[in-house]
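# Overview (structure and organization)
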Amino acid sequence: MATEVKERSVPKPVFTDAEAGAKEFPSWQSRSYNYFEPRKRRATVYEDVTIDVQPDPERHLSQGWVYSFANGDAGYPQDWSALKSSNWHAFLDPNEEWEQTIYRNNANVVRQISQNIEHGRTGHVFQAMNPAWVKVVARHVFAWAHLEQGIGMHVYTPAQRDAPTNMINNAICVGAVHKLRFAQDLILYNLALSEEIEGFEDKAHIATWQEDPIWQPTRELVEGLTGIRDWSEAFFATTVVFEPLVGELFRSGFVMQAAALQGDFVTPTIMGAGESDAAREQRGARALFRMLADDETHGAANKATMQGWLEKWTPKTVDAARQLQPIWSQISEKVIRFEDSFDRSRLRFESLLSDIGLETPKEIKA
Amino acid sequence: MSRASITKAHQKIQELSWEPTFVEPVDKYPTDYTFEKAPKKDPLKQVLRSYFPMEEEKDNRVFGAMDGAIRGNMFRQVQERWMEWQKLFLSIIPFPEISAARAMPLAINAVPNPEVHNGLAIQMIDEVRHSTIQMNLKRLYMNHYIDPAGFDLTEKGFANCYAGTIGRQFGEGFITGDAITAANVYLTIVAETAFTNVLFVAMPGEAAANGDYLLPTVFHSVQSDESRHISNGYSIILMALADERNRQLLERDLRYAWWNNHAVVDAAIGTFIEYGTKDRRLDRESYAEAWRRWIYDDYYRSYLVPLEKYGLTIPHDLVEESWNRIWNKGYIHEVAQFFATGWFANYWRIDGMDDKDFEWFEHKYPGWYDKYGRWWEKYTELSKKNGHKPIAFEAEANYQYPHRCWTCMVPCLIREDTVMDEVDGQVRTYCSETCHWTDKVAFRPEYEGRPTPSMGKLSGQREWETLHHGKDLGDIMQDLGYVRDDGHTLIPQPHLNLDPKKMWTLDEVKGITLNSPNVLLNEMSPEEREQHMAEYKRGGPAGRPAAA
């Protein structure tokens, strides 16, 4: 039996000829965002999708912020930082992070890590790893995951609220998520190992991080970083001081150097992903703090402030780094001495400070 | 990843957090709420290993559709009436999105629950995604739509136009003041859970009906992240409800957040959907019908009312009054009329309504023509450049330029509801009792005898008209940058005709002085003021001055 077909009610397509170039009139060719100066002749997609999205009374925001905190702070106060700038908006993220780069990059990383773990599994690598190394991984490599989580959640995440421009905040926000992803990469690798290695101490990292004397100065340092209220000091102390002296020291100065000789080709690739993220964040930090050190009006004061932060954070960081030294001795196949790793970190630190235009503190000089 | 492995993975990542012992955590963002540690779960089990590839896949679909739209000449079918309103909408929305990212540490700092922190951190990067994907969509519109003017100055226009502050609350409200008021109740419990339905679902549907399938592509991709955000917010409000001391604050904040979201979002999205469309099929859903479905039924009845079982008093009266404003008091129509009245001070073109529109409005909102029809006929008549002024400055339009609401910054358009009061040494006007309460009672350091030292304040130069009081309109337009690249023709137009001879220029607005109703009100004697306000409240609908 035929069914009666009712005419469906749907919008009808209409030819409107509303495409670019259909008519010529004033502004018909005005096809670029015209309220900011791009760094080069044409704006990049990153610049287009980032600049001025967070308004600023110093730029176009004519009515000011319409809500404030109880103390009168409104919007994105510049005095939330001890550092001053003649133009905060001059900072552009050297990594040019926006939607596409964020998801392409991180999706690639998690895919790569999953594949590497799978290769380890199919190659029966985990069972063949040196038992002393397995203990180091269970305790120390996975203790590291806590640190990345803490910095991502409680240093970078609030800092991306507090900085004064969208360009700085987005760059720090991406840094936060790198840290959190890396922490999860590590702990999920722990889960994989617990399924592959009989007797694997999958929870040993918790006690190591919270109780092992080797890690307590580092934990104290990280907790200290999370307690800094000034976003620029927190970002400086983390990216400029902590990352080269402790972060790189452990990630590439130890794990990535030592693992292969212990029969482990998987762990260094996961650590490498975190190291690569940290290098991206450091590019941003270098550009930001260099810009502030070079500021025509505030440069000298900024340098003095940053130098003060170096005096404050470097001794604690060097102490934390040195307390990690016993880990270098816990593996049976010695590949690198702690002092060699630390020297490399020290040189990286000095080079970074030199790029920013700061003096190396005395505690760290060779 | 399989569901079982997601569960396992999610369980495993809970090992990452720890209780600091060396340093007392710093309260970075103040709140008057109190939270006890509670083992609240994240039912969506968010893990970054599965999150990033999922979002990448969603992005690939979005960018594929964008390519397809260009190759398929989508802009040969888009309605200019619709696209012009996108110049306003897409200038506003990336800011609330990015503000939501900035709001996440407020909630993280306040709520002692690592599982919830994890969900909030993922929301943070979602919001960067949304903000930048929307800016990129707008960039495509600017490149491929017939009239790029207005898209080209987008974020500047948002920051200085007569509608900007209305939209800006929908972002600033997330990031400032009491951390839970802002980042949980205002942002997640009300804005995301209730109003993203009309923003990101109903509106894209209307875009598709107007030939634009990119807005639905991008915004449905955005909306598919919202369910996770809603889940984050729900976890937090349940934790807040566990502490009796929070009840009074929650009830205060639900009243403020509900009413402000209604005032701001319904004003903007209602206008875009009802007055930006060319789809006048009589059976297509009106904004009021969409609101009833998405907000009243799906949000209020299915989400908000069940919270009563936890002993929370829900603002039933305000939900009903919002509906009353939309259905009986013509809120959307009054706002659209105000936007059109102010065409001279924006960065998009506003098409007049024609007979087909009238028929649809009359069908959907019986009695509409008697209230608003004549004015829209006058709008069309006065849209022609033939020696007269913009409609706002022509007495024959029979429209009294409205006072602004000090709180929501939408004007006091439902004239009889206007409240006038001296607050903080200034005579202010409010669109409603609730907006008056918000300024005078809620956003104060004490609430019902209880200290609320963390509550935020209303600040800034809240009235656009006051900022420009006494200035020449031609100077205002030049100062704000609302002039096309010939240095003479205005970006805004009261019609869609792109014939340069028909387009309004600086010449037609020079010599007109803009006055702020609030400045004039404050200059009056108390008696004059009372008389003026009594007359104002007798005015309307459709902005008609009170009969003598």
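Residues numbered from 1 in each chain as written. Chains lettered and ligands numbered in written order. Predicted model: local features only at pLDDT ≥ 70, side-chain atom pairs only at ≥ 80, totals over all residues. Heavy atoms only, no water.

If you check an unreviewed UniProt entry, chain B appears there as propane 2-monooxygenase from Solirubrobacter phytolaccae. According to the UniProt record, the Catalytic activity (unreviewed entry) comment for chain B is "propane + NADH + O2 + H(+) = propan-2-ol + NAD(+) + H2O". (UniProt positions renumbered as here; feature names shortened; annotations may be inferred.)

The name an unreviewed UniProt entry assigns to chain A is propane 2-monooxygenase, from the organism Solirubrobacter phytolaccae. Note on chain A: under the UniProt heading Catalytic activity (unreviewed entry), the record states "propane + NADH + O2 + H(+) = propan-2-ol + NAD(+) + H2O".

### Quick look at the side chain of B:Lys378
Residues and elements named next belong to chain B. Its place among the elements puts Lys 378 in helix α15 (residues 368-382). Here Lys 378 falls in the buried class, since its relative accessible area comes to 17%. In contact with Lys 378, other than residues within four places in its own chain, are Ile 391, Glu 396 and Ala 397. (Helix = DSSP H or I, 4+ residues; strand = E, 2+ residues; numbered from the N terminus. Buried < 20%, exposed > 50% of the residue type's maximum accessible area, 1.4 Å probe, protein only. Contact = heavy atoms within 4.5 Å.)

### Observations concerning unusual backbone geometry
Leave glycine aside and you will find that most residues have negative phi; peptide bonds, for their part, are mostly trans. In this model, B:Gly540 is joined to B:Pro541 through a cis peptide bond whose omega is -5 degrees. In this structure, B:Pro541 sits in the segment after α21 (526-538). A positive phi angle, close to 45 degrees, is found at A:Glu96, a residue other than glycine. Mapped onto the secondary structure, A:Glu96 falls in the loop between β1 (67-68) and α2 (99-122). The exposure class of A:Glu96 is partly exposed, given its relative accessible area of 31%. Unlike most non-glycine residues, B:Asn73 shows phi in positive territory, near 50 degrees.

### Re the interface of chain A and chain B
The partner chain B presents 109 residues to the 103 residues of chain A that form the contact. Between chain A and chain B the total buried area reaches about 9500 Å² when both faces are included, carbon and sulfur atoms providing 60% of it. Sorting the residues of chain A by area buried against chain B places A:Gln63, A:Tyr67 and A:Tyr103 first, and these three jointly supply 10% of that buried surface. One can count seven salt bridges joining chain A with chain B. Across the salt bridge formed by A:Glu99 and B:Arg129, the nearest N and O atoms sit 3.8 Å from each other. Linking chain A to chain B there are 60 residue pairs in polar contact (both at pLDDT 80 or more). Contributions of two or more residues to the side of chain A that touches chain B are made by α1 (45-50), β1, α2, α4 (131-162), α5 (166-196), α6 (204-211) and α7 (216-226) of chain A. Broken down by element, the residue count for the side of chain A that touches chain B peaks at 17 residues, all from α5(A). Here the residues of the side of chain A that touches chain B sort into 49 nonpolar, 33 polar and 21 charged. As judged from the two bridges shared by β1(A) and strand β5 (residues 457-458) of chain B, these two strands associate in the antiparallel manner. (Buried area = accessible area lost by both parts, 1.4 Å probe. Salt bridge = Lys/Arg side-chain N within 4 Å of Asp/Glu carboxyl O. Polar contact = N/O pair within 3.5 Å; in protein donor to acceptor, adjacent residues only side chain to side chain. Nonpolar A, V, L, I, M, F, W, Y, C, P; charged D, E, K, R; others polar. Pairing = 2+ DSSP bridges.)

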